[in-house]
Amino acid sequence: MSVEKLVITLAGISFDARLETEKAPATCAAFLKHLPFRNKAIHVRWSGQAVWIPLGDLQFGVGYENATCYPAPGEVVLYPGGVSETEILLAYGRVAFASMAGPLAGNHFLTITSNLDKLPELGTKVLWEGAQDISFERV
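Cut-offs and rules
- Residues numbered from 1 in each chain as written.
- Predicted model: local features only at pLDDT ≥ 70, side-chain atom pairs only at ≥ 80, totals over all residues.
- Heavy atoms only, no water.
- Buried < 20%, exposed > 50% of the residue type's maximum accessible area, 1.4 Å probe, protein only.
- Helix = DSSP H or I, 4+ residues; strand = E, 2+ residues; numbered from the N terminus.
- Pairing = 2+ DSSP bridges.
- Core = buried A, V, L, I, M, F, W, Y, C linked by side-chain atoms within 4.5 Å.
- Contact = heavy atoms within 4.5 Å.
- Salt bridge = Lys/Arg side-chain N within 4 Å of Asp/Glu carboxyl O.

## Comments concerning the pairing of strand β6 (residues 75-79)
Residues in a regular strand point their side chains to alternate faces of the sheet.
Inference 1: Burial analysis of β6 places five of its five residues in the buried class, the great majority of the element.
Inference 2: Alternating positions in β6 separate into two faces, E75, V77 and Y79 on one and V76 and L78 on the other, with burial throughout.
Inference 3: Pairing of β6 with strand β10 (residues 106-112) involves four bridges; the strand directions are antiparallel. Bridging across to β10, E75 finds its partner in T111.
Inference 4: Relative to strand β7 (residues 87-95), β6 runs antiparallel, the two sharing four bridges.

Following this line, the structure appears as structure tokens:
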């Protein structure tokens, strides 16, 4: 089975990423249907060192798989909705994924594999300069 790769571009910096198709097959398949995916990333409110894409009531039609409350730097998770709105979270440092309703778990479906050293500076940029363009595209 070949590993499907994506390119994430945040604030003009590109990152290679690997879909976690074995660990989160339904989430990966659902996300691929939305590619290319373009939005704005803002800094998290409750979770620590991460940026997120609030998606409101957008439904991906998936439940929990490969879920974590503590994504590592470079891990991308999809929260499918429930106690909080649907969202995508990209960790650039230490994260305890949460909302105003309390702890959340998101499906780890994508892992950044290049330029990890650039993530902290991007996190700081989003924190101090506000929303930044983000895109996810197939290689």
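## Details of the nonpolar core
Inference 1: Counting 32 residues, the largest nonpolar core has I8, F31, I88, F109, L110 and F136 as the members making the most contacts within it.
Inference 2: Counting residues per element, this core draws most heavily on helix α1 (residues 25-32), at four residues.
Inference 3: Those residues in contact with L110 that sit more than four places away from it in its chain are L6, I8, A17, R18, L19, E20, G74, E75, V76 and F136.
Inference 4: Grouped together as the second largest cluster of nonpolar side chains are 10 residues, V44, A50, W52 and A91 included.

## Some details on the pattern of salt bridges
Inference 1: The full count for this structure, using the stated rule, is five salt bridges.
Inference 2: Close ionic contact of E129 with K125 constitutes a salt bridge, the shortest N to O distance being 3.1 Å. With E129 and K125 both in helix α2 (residues 119-129) and four residues apart, the pair spans about one turn of that helix.
Inference 3: Accessibility expressed as a relative area gives 54% for E129, which makes it exposed.
Inference 4: By relative accessible area, which is 29% here, K125 ends up partly exposed.

The analysis is restricted to geometry; functional conclusions fall outside its scope.
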